[in-house]
Amino acid sequence: MGDKTKRYTIGIDIGGTKILLAVLDSRFQILSVVKMKTQTDQGARAFIKAIGKAAKSALRDAHVDRSDVLAAGAGCPGMIDPKSGIVRFSPNIPFLKNFPLAQKLSRELGCPVVVGNDVQTGMIGEHQFGAAKGYRNAVGIFLGTGVGGAIILNGELYRGASGSAGEVGHLLIDPEGPLCGCGNRGCLESLTGRTAIAAEAAILVARQRAPHLAAKAGTDIRAIKSGAMAKAIRQGDRALEELIRHKAQLVGHAMASLVNVLNPEIVVLGGGVMEAMGRIILREADRSMRQRALGPSAKNVKVAAAKLGDYSIVMGAAKRAKDQFGKS
Ligand SMILES: [Zn+2]
């Protein structure tokens, strides 16, 4: 039941710390963007109201009337039922527990809303508009605070039996490895998420092997952000560069398994860690994957950096909204 006169969509990227909301035109060009902090301490009502306010201001910036908005899409971390738009559980936003997010947002924004998992939604963005455009089989690995992933099979997002397919962050790399947030040991995320990398970088600082990082961030793991590590490497912290290379090799091991199992045409690497240190990581992960993946699968697979950066989720979400509500 689409209305063809309504040309605009809203894309919302709900993160644990910030929310990005964009207004897009019929060709998915971004007309305006509003960024805000995620309010997690004032409950669900204030949270929904704040998104409504952001939408209002983004529509005003884009000179778009609310009545011309066809639909909105949102990407949210956690377990989400894609049909009902109910968030079963979201790790950093405690009140999103069995919460009908699509319905609440729809009431607030005055248009239909579709809600999906953030990483899966971002991968739809990269597949439709970014690095994986034109490929029928693609794997996305997103290296951020944690490690996320999503899979496109035969041109469509593969969700699996309960919607959670693509959790590459919890591929087992080392059974004796560090404890992971999921309760197991040695998952890819427990070894190559930013928190894990920062912890080992802090050890280098403490051992006086990373003087530039020491000057910038000290040994506080939370202060050791991707940008600070990238800068310290450019300034000459060789031990830190070696650490990042080693981490990229582990990502390459995981990629080899995925390439063997799924035989994709492309693997897309994205996320904040990747954006900050992409050149080192891409080359090292690619090499390490090719040393391990089986011949026929490894031969033709491409490895590429994500292209949409901060906008993959808002663009993917807007595309989903249009696909779901735009066809009459
Ligand atoms: Zn895990």
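Everything discussed here concerns the structure shown above.
Described below are features of the structure shown in this document.

Along strand β4 (residues 69-76), eight of the eight residues are buried, which leaves the element largely enclosed by surrounding structure. The sheet contact formed by strand β1 (residues 8-14) and β4 spans six bridges and is parallel. Looking at the pairing, Gly11 lines up with Gly73 of β4. Inspection of the sheet shows β4 paired to strand β8 (residues 113-117) by five bridges, in the parallel sense. Within β8, the residue paired with Ala74 across the bridge is Val115.

This part is about the layout of surface pockets. By volume, the second largest pocket is sized at about 260 Å³. In this structure, the second largest pocket is lined by Ile124, His127, Gln128, Ile152, Gly155, Glu156, Leu157, Arg159, Lys319, Arg320, Asp323 and Gln324. Those elements that place two or more of their residues in the lining of the second largest pocket are α3 (118-129), β11 (156-157) and α11 (312-325). Of the residues forming the lining of the second largest pocket, the biggest block, four residues, is contributed by α11.

Another aspect to go through is the sheet that holds strand β7 (residues 99-100). On the basis of which strands lie adjacent, the open sheet formed by three strands has the order β5-β6-β7 and antiparallel pairing. Only two strands of the sheet have a single neighbouring strand rather than two, namely β5 (79-81) and β7. Where strand β6 (residues 86-89) and β7 come together, two bridges link them in antiparallel fashion. What sits directly across from Ile86, in β7, is Pro100.

What follows is about empty space enclosed by the protein. Which parts of space are left empty comes out when a probe the size of a water molecule is rolled across the atoms. One pass over the full model with this rule turns up one cavity of 30 Å³ or more. Its boundaries defined by the atoms lining it, the largest cavity holds a volume of some 50 Å³. Lining the largest cavity are Leu143, Thr192, Ile197, Ile244, Lys247, Ala248, Val251, Val273 and Ile281. Broken down by secondary-structure element, the contributors of at least two residues to the lining of the largest cavity are α8 (238-262) and α9 (272-292). By residue number, the principal contributor to the lining of the largest cavity is α8, which donates four residues. Of the residues that constitute the lining of the largest cavity, the class distribution is seven nonpolar, one polar and one charged.

Our focus in this paragraph is the environment of Ser90. In this fold, Ser90 is placed in the loop between β6 and β7. Considering only alpha carbons, one finds Ser90 and Ile80, 10 residues apart in sequence, at a separation of 8.3 Å. Setting aside its immediate chain neighbours within four residues, Ser90 contacts Cys76, Pro77, Gly78 and Leu96.

All right, on to the packing of helix α7 (residues 226-235) against α9 then. Closest axis-to-axis distance for the α7/α9 pair is 8 Å, and the angle between their directions is 15°. Taken together, the axis directions place α7 and α9 in an arrangement best described as roughly parallel. Judged by the sense of rotation from one axis to the other, the crossing of α7 with α9 is left-handed. Residues Ser226, Gly227, Met229, Ala230 and Ile233 of α7 form the contact with α9, whose own contacting residues are Gly272, Val273, Ala276, Met277 and Ile280. Partitioning the contact of α7 with α9 into residue classes produces seven nonpolar, three polar and no charged.

Time to look at helix α2 (residues 101-109). Three or more residues of α2 are buried, namely Leu101, Ala102, Leu105 and Leu109. Looking straight down α2, one finds its buried side chains confined to an arc of 95°; they lie on one side. Buried residues in α2 make contact with β1, α1 (43-62), β4, β6, β7 and β8. Immediately beyond the C-terminal end of α2, within one or two residues, lies Gly110, with a positive phi of roughly 75°.

Bringing the state of the cysteines into the picture now. Applying the stated criterion across every chain, the model contains zero disulfides. In this model Cys111 remains outside any disulfide bridge; the closest cysteine sulfur is found in Cys76, 17 Å from its own.

On to the packing of aromatic side chains. Applying the stated criterion across every chain, the model contains two aromatic pairs. Residues Phe28 and Phe129 carry aromatic rings whose centres are separated by 5.2 Å and whose planes lie at 45° to one another, so their mutual orientation is tilted. One end of the pair, Phe28, is in the loop between β2 (18-24) and β3 (30-37); the other, Phe129, is in helix α3, and 101 residues separate them in sequence. Take Phe28: its relative accessible area is 12%, and that puts it in the buried class. According to the relative accessible area criterion, Phe129 is partly exposed, its value standing at 23%.

Taken together, His170 (ND1), Cys180 (SG), Cys182 (SG) and Cys187 (SG) make up the full set of protein donors to the zinc ion, lying 2.0 to 2.4 Å away. Between the four donor atoms coordinating the zinc ion, the angles at the centre fall across 105 to 119°, so the site counts as tetrahedral. Motif for the zinc ion, donor spacing along one chain: H-x9-C-x1-C-x4-C. Like Cys180, the residue Cys187 is buried in the burial classification.

Conventions used here
- Each chain has its residues counted from 1, running along the sequence as written.
- Side-chain atom pairs in this predicted model are given and counted only at pLDDT of 80 or more, local residue features only at pLDDT of at least 70, and totals for whole chains, interfaces and linings cover all residues.
- To obtain the side-chain values, all non-hydrogen atoms of the structure were included, while hydrogens and water were left out.
- The buried label applies to any residue whose accessible area, calculated with a 1.4 Å probe on protein chains only, is under 20% of its type's maximum; exposed applies above 50%, and partly exposed to all values in between.
- Labels follow the DSSP assignment, with helices taken as runs of H or I lasting at least four residues and strands as runs of E lasting at least two, numbered in each case from the N terminus.
- Only strands that DSSP links by at least two bridges are regarded as paired with each other.
- Using a grid of 1 Å spacing that covers the protein atoms alone, one calls a set of points a cavity when a 1.4 Å probe fits there but cannot get out, and a pocket when the set is open and has protein on both sides within 12 Å along at least five of seven lines; lining residues are those with an atom within 4 Å of a point.
- Grid points are joined across faces, edges and corners, and a volume is the space filled by probe spheres set on the points.
- When residues are sorted by character, Ala, Val, Leu, Ile, Met, Phe, Trp, Tyr, Cys and Pro go into the nonpolar class, Asp, Glu, Lys and Arg into the charged class, and all the rest, Gly among them, into the polar class.
- Residue contacts are counted whenever heavy atoms from the two residues lie within 4.5 Å of one another.
- Helix axes are fitted only over the stretch in contact, all axes being lines through C-alpha atoms; the angle between N-to-C directions runs from 0 to 180 degrees.
- For classification, angles of less than 35 degrees are called roughly parallel, those exceeding 145 degrees roughly antiparallel, those between 65 and 115 degrees roughly perpendicular, and all remaining angles oblique.
- Left-handed is the label given to a crossing in which the near helix is rotated counterclockwise from the far helix by less than a right angle, and right-handed is the label when the rotation is clockwise.
- The arc refers to the directions leading from the helix axis to the C-beta atoms.
- Note on disulfides: each one is a pair of cysteine sulfur atoms within 2.5 Å.
- Two aromatic rings from Phe, Tyr or Trp, using only the six-membered ring of Trp, form a pair when their centres are within 6.5 Å; if the ring planes differ by under 30 degrees the pair is stacked, by over 60 it is edge-to-face, and anything between is tilted.
- Metal sites are built from N, O and S donor atoms within 2.8 Å, or 3.2 Å for Na, K and Ca, and they leave out water, so they may look incomplete.
- Four donors are marked tetrahedral only if all angles between them lie between 85 and 135 degrees, whereas four are marked square planar and six octahedral if opposite donors are more than 155 degrees apart and the other angles lie between 65 and 115; the remainder are marked irregular.

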